Protein chains: 4
Amino acid sequence: MCAIVGIYGNENAARLASLALFSMQHRGQEATGISSSCDGKIYTKKDRGLVSEVFTDEALKYLKGDMAIGHNRYSTAGGDSILDAQPVFAKYKLGEISIVHNGNLINKDEVRRELIDNGAIFQTGMDTENLIHLIAKNSKDRLRDRIEEALQKTIGAYCFIIQSRNKQFVIRDRYGIRPLSLGKLKSGGYIVASETCAFELVDAKFIRDIRPGEMLIFSKKSDEPESIQLFEPEFRPCAFEYVYFARPDSEIDGKNVYNTRENMGKTLAKNDKGNGIHVDMVIPVPDSGVPAALGYASESKIPFKYGIIRNHYVGRTFIEPTQEMRNMKVKMKLSPMRSLIEGKSLLVIDDSIVRGTTSKRIVRMLKEAGAKEVHFRVASPEIKYPCFYGIDTPSKEELISHRMTKEEICEYIEADTLEYLSIEDLVNSIGNDRHYALESFDGDYFVTK
Amino acid sequence: MCAIVGIYGNENAARLASLALFSMQHRGQEATGISSSCDGKIYTKKDRGLVSEVFTDEALKYLKGDMAIGHNRYSTAGGDSILDAQPVFAKYKLGEISIVHNGNLINKDEVRRELIDNGAIFQTGMDTENLIHLIAKNSKDRLRDRIEEALQKTIGAYCFIIQSRNKQFVIRDRYGIRPLSLGKLKSGGYIVASETCAFELVDAKFIRDIRPGEMLIFSKKSDEPESIQLFEPEFRPCAFEYVYFARPDSEIDGKNVYNTRENMGKTLAKNDKGNGIHVDMVIPVPDSGVPAALGYASESKIPFKYGIIRNHYVGRTFIEPTQEMRNMKVKMKLSPMRSLIEGKSLLVIDDSIVRGTTSKRIVRMLKEAGAKEVHFRVASPEIKYPCFYGIDTPSKEELISHRMTKEEICEYIEADTLEYLSIEDLVNSIGNDRHYALESFDGDYFVTK
Amino acid sequence: MCAIVGIYGNENAARLASLALFSMQHRGQEATGISSSCDGKIYTKKDRGLVSEVFTDEALKYLKGDMAIGHNRYSTAGGDSILDAQPVFAKYKLGEISIVHNGNLINKDEVRRELIDNGAIFQTGMDTENLIHLIAKNSKDRLRDRIEEALQKTIGAYCFIIQSRNKQFVIRDRYGIRPLSLGKLKSGGYIVASETCAFELVDAKFIRDIRPGEMLIFSKKSDEPESIQLFEPEFRPCAFEYVYFARPDSEIDGKNVYNTRENMGKTLAKNDKGNGIHVDMVIPVPDSGVPAALGYASESKIPFKYGIIRNHYVGRTFIEPTQEMRNMKVKMKLSPMRSLIEGKSLLVIDDSIVRGTTSKRIVRMLKEAGAKEVHFRVASPEIKYPCFYGIDTPSKEELISHRMTKEEICEYIEADTLEYLSIEDLVNSIGNDRHYALESFDGDYFVTK
Amino acid sequence: MCAIVGIYGNENAARLASLALFSMQHRGQEATGISSSCDGKIYTKKDRGLVSEVFTDEALKYLKGDMAIGHNRYSTAGGDSILDAQPVFAKYKLGEISIVHNGNLINKDEVRRELIDNGAIFQTGMDTENLIHLIAKNSKDRLRDRIEEALQKTIGAYCFIIQSRNKQFVIRDRYGIRPLSLGKLKSGGYIVASETCAFELVDAKFIRDIRPGEMLIFSKKSDEPESIQLFEPEFRPCAFEYVYFARPDSEIDGKNVYNTRENMGKTLAKNDKGNGIHVDMVIPVPDSGVPAALGYASESKIPFKYGIIRNHYVGRTFIEPTQEMRNMKVKMKLSPMRSLIEGKSLLVIDDSIVRGTTSKRIVRMLKEAGAKEVHFRVASPEIKYPCFYGIDTPSKEELISHRMTKEEICEYIEADTLEYLSIEDLVNSIGNDRHYALESFDGDYFVTK
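Procedures and definitions
Residues numbered from 1 in each chain as written. Chains lettered and ligands numbered in written order. Predicted model: local features only at pLDDT ≥ 70, side-chain atom pairs only at ≥ 80, totals over all residues. Contact = placed C-beta atoms within 7 Å. Helix = DSSP H or I, 4+ residues; strand = E, 2+ residues; numbered from the N terminus. Nonpolar A, V, L, I, M, F, W, Y, C, P; charged D, E, K, R; others polar. Pairing = 2+ DSSP bridges. Axes fitted to C-alpha atoms, helices over the stretch in contact; angles between N-to-C directions. Least-squares fit on C-alpha atoms with pLDDT ≥ 70 in both. Core = buried A, V, L, I, M, F, W, Y, C linked by C-beta atoms within 7 Å. Buried ≥ 20, exposed ≤ 12 C-beta atoms within 10 Å, placed from the backbone. Domains from an automatic or database assignment. UniProt positions renumbered as here; feature names shortened; annotations may be inferred.

Engineer: Can you help me understand the interface of chain D and chain A in this one?
Structural biologist: Often the size quoted for an interface is simply the accessible area lost on bringing the parts together. Contact residues are listed per partner, giving 24 residues for chain D and 24 residues for chain A. Only strand E3 (41-48), strand E5 (88-92), helix H4 (108-117) and helix H5 (128-137) of chain D provide two or more residues apiece to the side of chain D that touches chain A. Class assignment of the residues belonging to the side of chain D that touches chain A gives a composition of twelve nonpolar, five polar and seven charged.

As structure tokens, this is what we get:
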């Protein structure tokens, strides 16, 4: 649950990378970093904080060169998270190298154990360090060959951008689980980014998505990136990007995120037809529930109302509420539109339910604000399994759908009714022209190579 | 264009005041401050920054006592703005006093000149300092009498909360231009705040709005505040609060802000009926254009789409774009949903047009993203006159509607068509049961006493 | 216990003022501020913190103009000390004015009460505000006349620098209690500063001290400042500046501070002659005890040793020691030279004893480090009375010499012997050619007009 | 040029480590870090800044456990120095490990090349990373055996403290170049620190110095540390610690630093006997020149005067002086005592001359302050060679004594006469009972194994 970017062949490489990361801040707010390459040397700046805080003019001046890679980090536990920020830089036999990674390697512990058994040291908790070791231990003369062989031992959901002193290697796993798109910068050179929403601000034109199992190589040899199909593609992009994670204005693998969310809402509405429930309005949980709620409203002809206001000034530290001030955590962020709600039956749409605690607080908040009924609709199926492919979900035990039936959850969150999308509904909403990674819903951990 | 709050009779007074200010952060982000009273002493903490930054636990511990007043400041020019933060504190003959103010005194220069001629000194640029001087110079024995006489010399749009060592005085001008509401805290005591949206987080029940020309006095003498009608009411609340400034979940003088904005959108739609223009979707300029766009869509049956995404991570300092990266300022904040827009005719709704530069950039951004036509609709009338009643508008010369006709503006912002609400439309949308302060639209500067 | 500076007639006025304040940082570390004047407008920047933190290049750019006044503040109690930083700025009838002040007005409460009774408001706790009010209330047409009359009502120890839009007025009280010197800047114009040590860094040549009761006026009328003898001089400069407060490289009223401290040490040595005590070395309590210890050593021929090391990295916040780690507060700052001390008889010299707690901790630290005997010598007389003339001393009750005899103090601090200078010794050490302000030692509060 | 500390067997381990680092702040101000061990896990906190800034109560709470190692870093070049802060932490085959290092490995490039050739990656520029790799690559089962073998390949001047989950290994190179001492904490457990000055604040009793070539192992097996003589000792402690680097209250290998500096000054005085130069006073360049100047004065009977004042408020960022304000950099820090100096012949003592620029500025400053003659004495021999054993000296070309004779330097720095200590003088001043590392003076790079 991170964002990565690569800029190749533009004299403002680091600046453009920082703007792209800024556009993808929603994918990670804890730490950010950029490595640039110039005259055979790699420059790195990474730190805790938002993109707009870390990349001062001074920092961008330090990041010289016409190529750069960057990363936004979602979150880490522990005291010194700066060590777990990316890019990961190292010197090894062929020179200097820097890597950014979005995803999760499922065989990382085995690989790490083997590497450690052979005398490697690990200075961070990041699986990105695995890949550098595999590249460094390899005996091939060319970086591209080392990368290829290293990837043979790398199982998981991943997008890597690897930068040497004068090249960039872009790799997407054979399943294409995490998104990655290629664009052409109007001011010269190329951009590769986790989401196409990054292209607007840097004035880039979308070219195509990186193909599952593909490696792109940017080098001085050619104006166009070289493409190598490293692995047989078995395309299964992550459904969760459409459900919750991506920005609605992004196109992920040819599908507009906003549209898919609208479809999810429409499907919920179709499913509700003839259920005998009368509601006065459709209300989204902002911001991610908005498109689905708009879809539900347009399908059902029930009025859409912005019944919950989101406060965007919530900072990273503030008043710890005293014991009497309970339920305040949700209310700091979300506020009910009392006059709209009072005495009304509401159909509330959120993108997903994970632990159930936030949903419960929202329902309670709406009822305290006078709602007569709260019918809760979830624009995704029940999350019964943790994701090991790059989304930060809690353990199985904490997932409410692992422990409770839909009916029990409905009672727990104090809603009047509760409905989810079925897995089939979800697939149809995104587009049933391909398979998706759905492991959080169906437990099919298909990544094996 | 500020927020004020008073908490009376609650042992967590400063903490509750900070939460209320947090809920009203949209009314001012430059500086914030709170004065509490305890055992005959007034404690003040004010500083630049957001509420969540200034009011640390340490600060709140310092602000002892069961009564507190607070303020969010919109913006000031100059180098040392901390001196212009509120509350304004002073010692004077009857003891200590602290004042917060939302509004603008139109005779402040004359009053200040007269006070200065009589030997007063002014240490800030704030008109609030005038009122303290008028109170201090008065010879009456009771603070309430001094306040009354001081207000006789005070002409303008204002809400004051004045705190002495053991009382709070709440005053709203005779026109009721700026909003001010009274609530009862469930944990004990009262709250007075610029907007009712502050009541949610502190768990307060709305009682009523402060009446135009009313003074409320909170004291130990009575559980209920004492009410004095200081001035003959001539009710004319500010229409701009409904158009743009207030949070949509607030009730201003009995009218829900969200509803009035929806009505404005519906009226725009009615006006467009039969105009022969075909559009594919209604798109709001987020966030303030959303309710009107929803209203337009529901009235016109044209689909509402969230075609512009707002980035909420824009910090206070960031990369100064280089010359080549023009138009970026708007794009840092707003991003077009390219796939939704491409080849489509759009009806775009914003709350108002002030200088016209932002509107022009939005239209251009949408067209660059592929929009076939952009029909711009403004959910308020043309702003032809500066506001002197507390809204921070630019000078007459900078107001585009002062210099250009609607047709010229339409051409300037490169829209296909442009429509505003008429003043009558606006009044009807809010509710034609009363007069409003409409000076920005009609130039009627009615405040004379 | 503050520092003030005025720069007149130099295009780098604010920058030079900041350098002078930097050189006088020892006189106050809590807050600092500068007001400059340019084109009829006064610019002010003041904040908590050290000079090197507050006066960034940005701040200095804001402080335009060829005249500036500045201030370092020693300390204030309370939560929002920024309001008590100087310069104090105000608008009044004749325009804008800004004042810095070093000293203490002994009739401030009466004056303030009278001003308040006449309707004045006070926004800070600083007596500087009194003077602005007195100037503002005056009805004379010229600022100089207003200042003169205001000073008639001002009793105390003071140095003021008052800046209008185009003039600077420098005043020293009739007793010349607090120091103030005039210098000529090699880069053009004049400097007035509390201590001559400020002249080095700004490359100024010492001209003379401001005379007791003198007012200097800098204006465009003349290249030289105009001098007016406002009050009959009754010269009694503060002895404490020589004892402790001034930097040793300053000349205060024609006497080099370092020399006077050396003399104090020599006198202590003379007094010790024939007392039968044998000591192995003379050790200063650094840094202020060093010159007296050198004087003692040179007179007594006993070796001088740097037996206590001072740690200059003590920041403003650090680890709160746990209960077991007692006595650590002194040891964070001072560290004994164990190998030098072990088994030796020491003569330890400090500049003064106020409460006695630090002296006790030093003696104990030295004994724990192995000192056989510790003979404590104080390079000043017993402090029996609080100072009301600008030095921040504790209340009478906290002064150990108010409660205890010399013998009792010796026992309390666990020293083997203890000797002070007599008042006569002190006077002779500084120079018996004039009277001094000695109120902390003899209780003679002579300031009456 | 760093400080290291280890605390073993005390429940306040991290707190005591921070206090010890605070006492050794003079050995490095750029970055600081601590690793503690608790319940089989290592906790690390490191950051840019002073000890008192980095180790907040929160940080110390995170650093759980009864053992801790810490480090102060002198300086690094480049943009992201936080990555080069210590301790260096890694996971490897036997578990978790953390290392601090003071010194310099002279074969680091060869070792690194060999490691890299074998597939290792290096993530920092620190030679400490070499040692971790050597330990990790080793195939022995016990950490102690791995450390022993790793050290066989490690040539240089070093002190290491290596912490595993439950042990601490302390190693000093066979020459004992960098200092390292063992103490017993009164509150329980042991301390090992670069300088004994760290023992005062943590209330530890000095036991002995770590022997050249010794490894101490702290473990639960025994109350006493186990001692292993890893290498045949060839004792040659660094003379520079006595000349300049150590705090004067430290004992380095049985010799008190202050005493040795006093001796250096006395020797300079003896050498000057009969040279026909008459001076009025001896003046130190503070702070490090003070003991030598005291020694010179006591030997020559010429009065010692504190003729240069040092300003300790110099922060890390301040006003960049304009072009006209030259020579200011030295004057920000050092200020001449004009009245003492005027018309006098001075003998000025500094600890060393490296590039010559500071000495030149000091002489010029003193002459501008009126000194008739300035005789410059240096309490060390001419520095002709860079140090590769852990002191941060510039390249050979920048060393003034490499390029110029004594006579040329005297002319360059504008002194009247200039004298150094001979190498023999230096050795005799410290104590001629052993050999010293003198490579900066004699170019004897003796470290070969």
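Engineer: Help me understand the sheet that holds strand E21 (residues 417-420) of chain B in this model?
Structural biologist: Residue and element names in this part refer to chain B. Read from one edge to the other, the open sheet built from four strands follows the order E16-E19-E20-E21, with strand pairing classed as parallel. The open sheet is flanked by strand E16 (281-284) and E21, the only strands paired with a single partner. Each neighbouring strand pair of the sheet contributes to a mean axis angle of 20°, computed without reference to strand direction. Sheet strands in contact with helix H13 (residues 357-368) are strand E19 (345-350) and strand E20 (373-378), and its direction is about 150° off that of E20.

Engineer: Whenever I open this one, the relation of the copies chain B and chain A confuses me. Can you help?
Structural biologist: What relates the two chain copies is a rotation about an axis together with a slide along it. Rotating chain B by 180° and moving it 0.1 Å along the rotation axis overlays it on chain A with an RMSD of 0.1 Å. As the rotation angle and translation indicate, the two copies are arranged about a two-fold axis. Nearest to the rotation axis, the C-alpha of His312 of chain B is located 3.4 Å from it, this being the minimum over chain B. Same-surface contact between copies: 96% of interface residues of chain B are shared with the interface of chain A.

Engineer: How should I be thinking about the nonpolar core in this particular structure?
Structural biologist: Core analysis: the largest hydrophobic core is formed by 284 residues, its most contacted members being Val5, Ala20 and Ile191 of chain A together with Val5, Ala17, Ala20 and Ile191 of chain B. Ignoring anything within four residues of it in the chain, the contact list for Val5 of chain B reads Ala17, Ala20, Leu21, Ile69, Gly70, Ile191, Val192, Ala193 and Ala198 of chain B. Of all hydrophobic cores here, the second largest spans 281 residues; its members include Ala90 and Leu421 of chain C together with Ile171 and Leu366 of chain D.

Engineer: Please clarify how the domain arrangement of chain A should be interpreted in this entry.
Structural biologist: Residue and element names in this part refer to chain A. In terms of domain boundaries, chain A breaks down into domain 1 (3-235) and domain 2 (256-311 + 325-432). Taking only C-alpha atoms into account, the centre of domain 1 sits 35 Å from that of domain 2. Between domain 1 and domain 2, the residue contacts involve nine residues of the former and four residues of the latter. For the side of domain 1 that touches domain 2, the leading source of residues is strand E6 (residues 95-105), giving three residues. When grouped by side-chain class, the residues that make up the side of domain 1 that touches domain 2 number four nonpolar, four polar and one charged.

Engineer: Quick question: what am I supposed to make of the UniProt feature "binding site: Mg(2+)" (unreviewed entry) in chain A here?
Structural biologist: Residues and elements named next belong to chain A. Within this numbering scheme, the UniProt entry marks Ser288, Asp350 and Asp351 as carrying the feature "binding site: Mg(2+)" (unreviewed entry). Taken together, the annotated residues stretch across 64 residues yet fold into one region, lying no more than 7.2 Å apart by C-alpha. With respect to the element layout, Asp350 can be found in strand E19 (residues 345-350). Since 22 C-beta atoms lie within 10 Å of it, Asp350 is described here as buried. Apart from the residues within four sequence positions on either side, Asp350 is in contact with Val285, Gly289, Ser359 and Val378. When you line up the elements, Asp351 lands in the loop between E19 and helix H13 (357-368).

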